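Here's the letter readout for the chains.
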Amino acid sequence: MGKLKVDQYVVGSVQTNCYFAINEETKEVLIIDPGACAGQLAERVRAEGLHPVAVLLTHGHFDHAEGAQELAGEFDIQIYVHEDDRETLENPKLNVSWLMGKSEVFHADQFLKDEQELDLAGFHIRVLHTPGHTPGGCCFYFPYENTVFSGDTLFCGSVGRTDFERGSMSELIRSIREKLLALPEDTVVYSGHGDVTTIEYERMSNPYL
């Protein structure tokens, strides 16, 4: 298994966390939620001598997906998203790009299923479908690295908002309880916005749970 190093970049108008999940042994990288600043992110890839393998989207909102196509085209790699967020990506009302006065349509190449296992960049990844924030919201769990990228499902001390179309608070809380709180307590959680946390900390102190 590859050795994981996580670089975090805050991008775009709503301070979205884009992550580089880097295999330190091979310099392969998975780009998670490149919501903006595709040009600068591509520059970082080159400056660090990294080899992009895929773009992983935790969900289809514009602030996570906006830079994906440009980066995928730049490095000739594919974009992965859960199958239930295909429509979120493709519909400007659902991807909430209208909030910024835009009408954007996004695309992906690979549509994932719950509990699907991926082997990318030397990492073994489990797809955890966690609907609630969006119908196809998902988390990418790296079991051997004790790490999960939770998108806008779970934050440090909070949870994703559910007031956009097709959001559901009851579904979100159920997703977190069943899928994320079931992970080992010392699992590190890299969220879509805000600070890094752990499953144990959220289980003990998150007021929503």
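Refer to the structure above for everything that follows.
Residues numbered from 1 in each chain as written. Predicted model: local features only at pLDDT ≥ 70, side-chain atom pairs only at ≥ 80, totals over all residues. Heavy atoms only, no water.

A. Examining the pattern of salt bridges more closely. Under the counting rule described, the total for this entry stands at 13 salt bridges. The salt bridge involving R44 is made with E48; its shortest N-O contact spans 3.3 Å. Among the residues examined, E48 registers a relative accessible area of 23% and is labelled partly exposed. Shared partners join several salt bridges into a network, and the residues in it are E66, K102 and E104. (Salt bridge = Lys/Arg side-chain N within 4 Å of Asp/Glu carboxyl O. Buried < 20%, exposed > 50% of the residue type's maximum accessible area, 1.4 Å probe, protein only.)

B. A nonpolar patch on the surface, seen in detail. Together, V14, W98, L99 and M100 give the surface a local cluster of nonpolar side chains, amounting to about 360 Å² of exposed area. Mapped onto the elements of the fold, M100 is located in the loop between α4 (86–90) and β6 (110–112). (Patch = residues over 30% accessible without salt bridge, like charges linked within 9 Å, V, L, I, M, F, W, Y side chains within 5 Å. Areas by Shrake-Rupley, 256 points an atom, 1.4 Å probe, with all protein chains shown as cover. Helix = DSSP H or I, 4+ residues; strand = E, 2+ residues; numbered from the N terminus.)

C. Structural context of the sheet that holds strand β10 (residues 147–151). The strand order across the open sheet formed by six strands is β7-β8-β9-β10-β13-β14, and the pairing between neighbours is mixed. Each edge of the open sheet carries a strand with a single partner, namely β7 (117–120) and β14 (197–198). Bridging between β10 and strand β13 (residues 188–191) involves four bridges; their strand directions are parallel. Bridging from a neighbouring strand, G151 pairs with S191 of β13. (Pairing = 2+ DSSP bridges.)

The values are spatial; any link to function lies outside them.
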